[in-house]
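So you can see what is in the structure, the chains are spelled out below.
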Amino acid sequence: MTVAEYCILVACLLPIACAWIAKSRGFDNHNPRQWQAGLSGWQARAHAAQLNSFEVLPIFIAGVLVAERALHAQATIDGLAIAFIATRLGYITAYLTDKAALRSLLWLAGMGCCIAMFFMR
């Protein structure tokens, strides 16, 4: 497996990590949707980070697979994938610490990594 493919695995695990953070202070497994609706503060932000982490997965996975299928430079694909993971970790941290502007910049940078993989030469 390539480094970029390992990054796909990491990206798939990030939403689960966010869910774990959101649920770390207790969880109502009988009424999970109602419980989630009542979240506030960092737990609500962790849940929102989880949802966004799921939302961004398809474009990242597609970007890696399209770039690898086109036989672009693997080192560049790997670099973009690592940069994406770094931006996602920063994004989640910024979300948890309520740094909205930084979070938005990190989201944009991560999306840029994904889009770049579609237009590599």
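Structural data are supplied above this passage.
Residues numbered from 1 in each chain as written. Predicted model: local features only at pLDDT ≥ 70, side-chain atom pairs only at ≥ 80, totals over all residues. Heavy atoms only, no water.

Chemist: Would you mind going over the overall build of the protein chain with me for this structure?
Modeler: For the protein chain, the count of helices and strands is five helices and zero strands. Its helices and strands in sequence order give the protein chain the pattern α-α-α-α-α, from N to C terminus. Considering only C-alpha atoms, the protein chain reaches an extent of 50 × 30 × 15 Å along its principal axes. The buried share among the 121 residues of the protein chain stands at 40%. (Helix = DSSP H or I, 4+ residues; strand = E, 2+ residues; numbered from the N terminus. Buried < 20%, exposed > 50% of the residue type's maximum accessible area, 1.4 Å probe, protein only.)

Chemist: Sorry if this is basic, but what is going on with the side chain of His-72 here?
Modeler: Relative to the elements of secondary structure, His-72 occurs in the loop between α3 (41-69) and α4 (74-96). Setting aside anything within four residues of it in sequence, one finds His-72 in contact with Ala-67, Ile-77, Met-120 and Arg-121. (Contact = heavy atoms within 4.5 Å.)

Chemist: For this particular structure, what's the right way to read the packing of aromatic side chains?
Modeler: What characterises a pair of aromatic rings is the spacing of the ring centres plus the angle enclosed by the ring planes. Under the criterion given, the structure shown has three aromatic pairs. Judged by centre distance (4.1 Å) and plane angle (10 degrees), the rings of Phe-60 and Phe-84 are stacked. Placement of the pair is Phe-60 in helix α3 and Phe-84 in helix α4, with a sequence separation of 24 residues. The residues Phe-60 and Phe-84 share a single accessibility class, namely buried. An angle of 90 degrees between the planes, with centres 5.5 Å apart, marks the rings of Tyr-91 and Tyr-95 as edge-to-face. Within this pair, Tyr-91 and its partner Tyr-95 are both found in helix α4, separated by four residues, close to a single helical turn. An identical accessibility class is assigned to Tyr-91 and Tyr-95; each is buried. Positioned above the aromatic ring of Phe-27, the side-chain terminus of Lys-23 is 4.2 Å from the ring centre. For the cation-ring pair, Arg-88 lies above Tyr-91, with the distance from its terminal atom to the ring centre recorded as 4.2 Å. (Phe/Tyr/Trp six-rings, centres within 6.5 Å; stacked < 30°, edge-to-face > 60°. Lys NZ or Arg CZ within 6 Å of the ring centre and 35° of its normal.)

Chemist: Would you mind going over α4 with me for this structure?
Modeler: Because an α-helix packs 3.6 residues into every turn, residues spaced three or four apart end up facing the same way. For α4, spanning 23 residues, the distance from its first C-alpha to its last is 33 Å, which sits close to the expected 33 Å at 1.5 Å a residue. Those residues of α4 that fall on the buried side of the exposure criterion are Ile-77, Asp-78, Leu-80, Ala-81, Phe-84, Ile-85, Thr-87, Arg-88, Tyr-91, Ile-92, Ala-94 and Tyr-95. The positive-phi residue at the C-terminal boundary of α4 is Asp-98, with phi of around 60 degrees. (Expected span 1.5 Å × (residues − 1).)

Chemist: What is the right way to read the packing of α4 against helix α5 (residues 100-118) from this model?
Modeler: Angle between the axes and distance between the axes: these two values describe a pair of packed helices. In the contact formed by α4 and α5, the axes pass within 8 Å of each other and the chain directions differ by 160 degrees. The pairing of α4 with α5 is recorded here as roughly antiparallel in orientation. Judged by the twist between their axes, the crossing of α4 over α5 is left-handed. Here α4 contributes Ile-77, Leu-80, Ala-81, Ala-83, Phe-84, Thr-87, Arg-88, Gly-90, Tyr-91, Ala-94 and Tyr-95 to the contact with α5, which in turn contributes Leu-102, Arg-103, Leu-106, Trp-107, Ala-109, Gly-110, Cys-113, Cys-114, Ala-116 and Met-117. Taken together, the residues of the contact of α4 with α5 break down into 16 nonpolar, three polar and two charged. (Axes fitted to C-alpha atoms, helices over the stretch in contact; angles between N-to-C directions. Parallel < 35°, antiparallel > 145°, perpendicular 65-115°, else oblique. Left-handed = near helix turned anticlockwise from the far one by under 90°. Nonpolar A, V, L, I, M, F, W, Y, C, P; charged D, E, K, R; others polar.)

Geometric descriptors of this kind do not, in isolation, establish any biological role.
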